[in-house]
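# Structure assessment
Okay, here's what each chain looks like letter by letter:
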Amino acid sequence: MGLSRLAALHGVATSYSPSPDVTVSVPDDTVIAVLAALGVDAGTPADVRKCLAVAESRSRLLPPTVVVWAGEPLPSALAGLPSGSTVTVEPEPSDPPGHPAARPPAPLSMRARAGVPAADAGEGAAPAPGAPRGAAPASGETAVGGAAPAWWTAPPHGVHRIHVRTPDNRRATATLIAAPPRVPQPPERTHGFLVQLYSLLSARSWGMGDLGDLADLAGWAGRSIGSGFVQVNPLHAAVPGKPTDPSPYRPSSRRFPDPVHLHVESIPEYGHVRDRATLEDLRQDAAALSEAVLNKGALIDRDAVWELKRQALELVVQVPLTPGRRADYCDFLAEQGQALEDHALWCALAEVHGPDWHTWPEALRDPRSPGAARARSELLDRVDFHCRLAWLTAGQLAAAQRAAEDAGMDVGIVHDLAVGVHPAGADTWSQQEAFAHGMSVGAPPDAFNARGQDWGLPPWRPDVLAATGYAAYRGLLRGLLAHAGALRIDHVMGLFRLWWVPEGRPPTDGTYVAYDAEAMLAVLVLEAHRAGAAVVGEDLGTVAPGVREALARRGVLGTSVLWFERDWDGDGRPLAPEKWRRDCLATATTHDLPSTAARLTGDHVTLRHRLGLLTRSLEEELTEDATGTAEWLALLARLRMLPEGDGDEEAAVRAVHRFLRRTPARMTGVWLPDTVGDRRPQNLPGTWDQYPNWRLPIADPEGHPVTLEEITASPRLHALMEVLGP
């Protein structure tokens, strides 16, 4: 009983429900291990009693982080302050953190005393910016009972510091997140493409798709097809090595993009490189890489691409920057601050000592150690090189979004936030205190995977996030949203809770750990509001009660995939289009699922059979799959969306997308490989080296790779996109 109480105080579940009528108890060993990762010693009954006594006796005047929503009641932490308390808010600087012009504004003071207007409360009380003294609080905030307390002076949207002193001289300081009520919304109806960028090779690519190709795709799609967005895979920095982990969902850092995506020739300094002969040799080698992928059956080789680009970039950065470019680079360094310096130092150290910081010399494992400080000086040129690459990549990300906007896209580039990072990467080194070491994020057993899942990603510690005002999370979002029209969040349920698996144990021995969803959502809404970007949450699979409602309240769109949209509370049949939710991104497939052509033909079942992934006979699997597909085709026929009749694969793919367009979904996403009939999945969950995950170029129905130029000229693509209308 004591262990359960202690676990509850720290947001650690001692049971979970994989289905409404089933409850599973979490092993005590798991609970003890998870508590240890949170800095709580529960190894013995005596330890439990001691920690319980400390936790239950601790009385906080304020939690570490307090959230206020514009136009909504104040949280109990503020509304319930003792009468006569003095509350002072230090507003966030108006300039971005790290900007040399940033200066803290004067504090706002107020007194928590019923019936006393803020302007008359003394101690320097001030009305909201722009309001006359004695006026009502700004932004229309309300509090318990429908009106803000007289002492409350609403700060502007931002992340502030709040100080409280009670009449009996108790004091508290906390982070105050003042957020607008919802994220910006996309237009009522828009459609666009979903693509894994590396798979989109143009005639000029260096062996994989790049940011130049992304800008070109966006410019063409906006002008020629009337598309409103292009959604890409995470472009986070990968862990270097040979071979590099090709998964974009297991990066070294989510804070900074990977320079492997650079289009080298678009860098202004490229044309001024003196060693043209070496540069030309590199270009020829890159052309050979592309030729091998496009015409000789080779897989995309990220390591080979990076080796050529790295050599070219070494030459490019030797070219002096013009005064204007130098000023822009200096501004970038100032804006990114310590986070970029740490990331660049990790990259430089990885070149010397390897990509796993746990194996580095002891003196270098702590980024704040004297050894790390010496390394910053000794490796100054390499640190600057990696800072320069981050700046160049950010510039091309901005150019891609500008290309989308210039082409008339109402959203533009939709970037993707992976759920976690590699345990040996830059983020876990530079932010060690924020991660629960010895833990891995995954998923519990469910109807689709009886063994559960372990994704090999260390989770953030919710207690550290709260204590630091969610600084790491804020910086991460700000960086991703800087050049985005929208952001997709992988496994958005992770804002509420994550399944933690202790190292060395199976996923079945994990448990859920709760996060402060109110704070996580407030930071997300605030940063999206600042960027003017929409947010799409990937909410497929097991979703706890109330999660989708909480996301919808804040304007976060969900994700609806056609094959999963059935009347699960009724007869289980395909859900009619008018019954789909409006606030979602509707698609026929994703990067983890079969292409639409493979789904319609059953090719995805035979592929899994060849790889030994089926748990039943091939005949049983094919029969079940064909039955499900037939139900959807029958519905499409009844709705007169399949006038060509049975047996026409291209027509069936078009009919699926006619159906998606018939739903009320605000955003309709078309998997780019579907436009040319590609049958191969980009990623096949449950495989590692059995299948070339994340290394396939987009291909035609026969598996022959096609270039960006061929895709945009494809009659099949144009026929498909016509069904989506203007």
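Only a predicted model underlies this, so the values are computations on that prediction, with no experimental measurement involved.

## So, the overall build of the chain
- Along its length, the chain carries 21 helices and 21 strands.
- Against the compact-globule benchmark of 27 Å for 726 residues, the chain has a radius of gyration of 27 Å, which places it among compact chains.
- With respect to the principal axes defined by its C-alpha atoms, the chain has extents near 80 × 70 × 55 Å.
- Scored against the burial criterion, the 726 residues of the chain give a buried share of 55%.

## Section: the packing of aromatic side chains
- Across all of its chains, the model carries 13 aromatic pairs by this definition.
- Ring geometry for Phe 193 versus Trp 220: centroids 6.2 Å apart, planes at 20°, classification stacked. Note that Phe 193 is positioned in strand 8 (residues 190-195) and Trp 220 in helix 5 (residues 211-225), a separation of 27 residues in sequence.
- Taking the centre distance of 6.3 Å and the plane angle of 40° together, the rings of Trp 346 and Trp 360 count as tilted. On the criterion of sequence distance, the pair formed by Trp 346 in helix 8 (residues 323-353) and Trp 360 in the loop between helix 8 and helix 9 (370-378) is long-range, its members being 14 residues apart.
- The buried category is assigned to Trp 360, whose relative accessible area is 0%.

## Things to note about the pairing of strand 4 (residues 85-90)
- Taking burial as the measure, the six residues of strand 4 include five buried ones, the bulk of the element.
- Summarising the sheet, strand 4 and strand 6 (residues 158-165) pair through five bridges and their orientation is antiparallel. The residue of strand 6 that forms the bridge with Val 89 is Ile 162.

## A word on the sheet that holds strand 16 (residues 497-502)
- Ordered by their spatial adjacency, four strands build an open sheet running 14-13-16-17, and the pairing between neighbours is antiparallel. A strand with exactly one partner marks an edge of an open sheet, and here the two such strands are strand 14 (453-457) and strand 17 (511-514). Each strand of the sheet is rotated relative to its neighbour by a mean of 50°, with strand direction disregarded.
- Looking at chain direction, strand 13 (residues 439-443) and strand 16 are connected through four bridges and run antiparallel. Each bridged residue has a counterpart across the sheet, and for Val 441 the counterpart in strand 16 is Trp 500.
- Sitting on the sheet, helix 2 (residues 28-37) touches strand 13, strand 16 and strand 17, and the angle it makes with strand 16 is about 105°.

## Section: the environment of His 657
- By secondary structure assignment, the location of His 657 is in helix 19 (residues 649-662).
- Residue class for His 657 comes out buried when judged on its relative accessible area of 0%.
- Apart from the residues lying within four places of it in its own chain, the contact partners of His 657 are Ala 588, Thr 596, Val 670, Asp 674, Leu 720, Val 723 and Leu 724.

## Description of the sheet that holds strand 9 (residues 229-232)
- One open sheet accounts for eight strands, arranged 18-15-12-9-8-21-20-19; its pairing is parallel. The sheet is open, and its two borders are formed by strand 18 (534-537) and strand 19 (558-561), each paired with just one other strand. Within this sheet the neighbouring strands show an average axis-to-axis angle of 25°, counted without direction.
- Pairing of strand 19 with strand 20 (residues 584-587), which is carried by four bridges, proceeds in the parallel orientation. Within strand 20, the position partnered with Val 561 by the bridge is Thr 587.
- Packed on one face of the sheet, helix 13 (residues 471-481) meets strand 12 (412-417) and strand 15 (486-489) and runs near 150° to strand 12.

## Some words on the nonpolar core
- If you look at the biggest cluster of nonpolar residues, it comprises 72 residues, and the most contacted ones within it are Tyr 470, Tyr 473, Trp 500 and Leu 524.
- Of all the elements, helix 14 (residues 517-531) adds the most residues to this core, at ten residues.
- Excluding residues within four positions of it along the chain, Tyr 470 makes contact with Thr 65, Ile 177, Leu 465, Asp 516, Ala 519, Met 520 and Val 523.
- Ala 215, Ala 588, Leu 636 and Leu 660 belong to the second largest nonpolar core, which has 56 residues in total.

## With respect to the pattern of salt bridges
- Scanning the model with the defined rule gives 39 salt bridges in all.
- Between Asp 490 and Arg 488 there is a salt bridge, and its shortest N-O distance comes to 3.4 Å.
- Under the relative-accessibility criterion, Arg 488 is labelled buried at 7%.
- Between Glu 650 and Arg 716 there is a salt bridge; the shortest N-O distance is 3.9 Å. Of the two residues, Glu 650 is situated in helix 19 and Arg 716 in helix 21 (residues 715-722); the sequence distance between them amounts to 66 residues.
- A relative accessible area of 14% places Arg 716 in the buried class.
- Salt bridges linked by common partners bring Glu 307, Arg 310, Glu 314, Glu 351 and Arg 382 together as one network.

## What about the state of the cysteines?
- Inspection of every chain in the model, using the stated rule, returns zero disulfides.
- Sulfur of Cys 330: no disulfide; nearest cysteine sulfur belongs to Cys 387 and is 11 Å away.
- Just so you know, Cys 387 is unpaired, no disulfide at all, and the nearest cysteine sulfur is the one on Cys 347, 8.9 Å from it.

## Structural notes on the packing of helix 13 against helix 14
- The N-to-C vectors of helix 13 and helix 14 enclose an angle of 30°; their axes lie 10 Å apart at closest approach. When the axis of helix 13 is compared with that of helix 14, the two are roughly parallel. As for the relative orientation of helix 13 and helix 14, their crossing is right-handed in sense. Mapping the contact onto sequence places Tyr 473, Arg 474, Leu 477, Arg 478 and Leu 481 in helix 13 and Met 520, Val 523, Leu 524, Glu 527, Ala 528, Arg 530 and Ala 531 in helix 14.

## Examining a negative patch on the surface
- Where like charges cluster on the molecular surface, the negative patch consists of Asp 275, Glu 280, Asp 281 and Asp 285.
- Its location among the elements puts Glu 280 in helix 6 (residues 276-295).
- A relative accessible area of 34% places Glu 280 in the partly exposed class.

## Comments concerning the pairing of strand 6
- Pairing between strand 6 and strand 7 (residues 171-179): eight bridges, direction antiparallel. Following the sheet pairing, Gly 158 is matched in strand 7 by Ala 178.
- Between the end of strand 6 and the start of strand 7, which pair antiparallel, lie five residues, with Asn 169 showing a positive phi angle near 70°.

## Some words on the side chain of Thr 712
- Residue placement: Thr 712 occurs in helix 20 (residues 708-712).
- Engagement of the side chain of Thr 712 in a polar contact is seen with the backbone oxygen of Glu 709, the distance being 3.0 Å.
- Aside from chain neighbours lying at most four places away, what touches Thr 712 is Trp 220 and His 718.

## Focus on the environment of Arg 189
- Mapping Arg 189 onto the fold places it in the loop between strand 7 and strand 8.
- As for Arg 189 and Arg 204, which are separated by 15 residues in sequence, their C-alpha atoms are 34 Å apart.
- Those residues within four positions of Arg 189 in sequence are excluded, and the remaining contacts are Leu 660, Arg 661, Arg 662, Thr 663, Pro 664, Ala 665 and Arg 666.
- In terms of polar contacts, Arg 189 uses its side chain to reach the backbone carbonyl oxygen of Ala 665, at 2.5 Å.

## Comments concerning unusual backbone geometry
- Of note, the bond from Lys 242 into Pro 243 is cis; its omega dihedral lies within 30 degrees of zero at 0°.
- In this fold, Pro 243 is placed in the loop between strand 10 (236-237) and strand 11 (253-257).
- We note that His 491 has phi near 50°; this positive angle belongs to a residue other than glycine.
- Residue classification places His 491 among the buried positions, given a relative accessible area of 18%.
- The backbone of Trp 694 sits at a positive phi, close to 65°, despite the residue not being glycine.
- Tracing the chain through its elements places Trp 694 in the loop between strand 21 (667-671) and helix 20.
- Assessed through its relative accessible area of 9%, Trp 694 is described here as buried.

Conventions adopted
- Residues numbered from 1 in each chain as written.
- Predicted model: local features only at pLDDT ≥ 70, side-chain atom pairs only at ≥ 80, totals over all residues.
- Heavy atoms only, no water.
- Helix = DSSP H or I, 4+ residues; strand = E, 2+ residues; numbered from the N terminus.
- Rg over C-alpha atoms; globule rule 2.2 N^0.38 Å.
- Buried < 20%, exposed > 50% of the residue type's maximum accessible area, 1.4 Å probe, protein only.
- Phe/Tyr/Trp six-rings, centres within 6.5 Å; stacked < 30°, edge-to-face > 60°.
- Pairing = 2+ DSSP bridges.
- Axes fitted to C-alpha atoms, helices over the stretch in contact; angles between N-to-C directions.
- Contact = heavy atoms within 4.5 Å.
- Core = buried A, V, L, I, M, F, W, Y, C linked by side-chain atoms within 4.5 Å.
- Salt bridge = Lys/Arg side-chain N within 4 Å of Asp/Glu carboxyl O.
- Disulfide = S-S within 2.5 Å.
- Parallel < 35°, antiparallel > 145°, perpendicular 65-115°, else oblique.
- Left-handed = near helix turned anticlockwise from the far one by under 90°.
- Patch = residues over 30% accessible without salt bridge, like charges linked within 9 Å, V, L, I, M, F, W, Y side chains within 5 Å.
- Areas by Shrake-Rupley, 256 points an atom, 1.4 Å probe, with all protein chains shown as cover.
- Lys, Arg positive; Asp, Glu negative; His and termini not counted.
- Charge placed at Lys NZ, Arg CZ, Asp CG, Glu CD.
- Polar contact = N/O pair within 3.5 Å; in protein donor to acceptor, adjacent residues only side chain to side chain.

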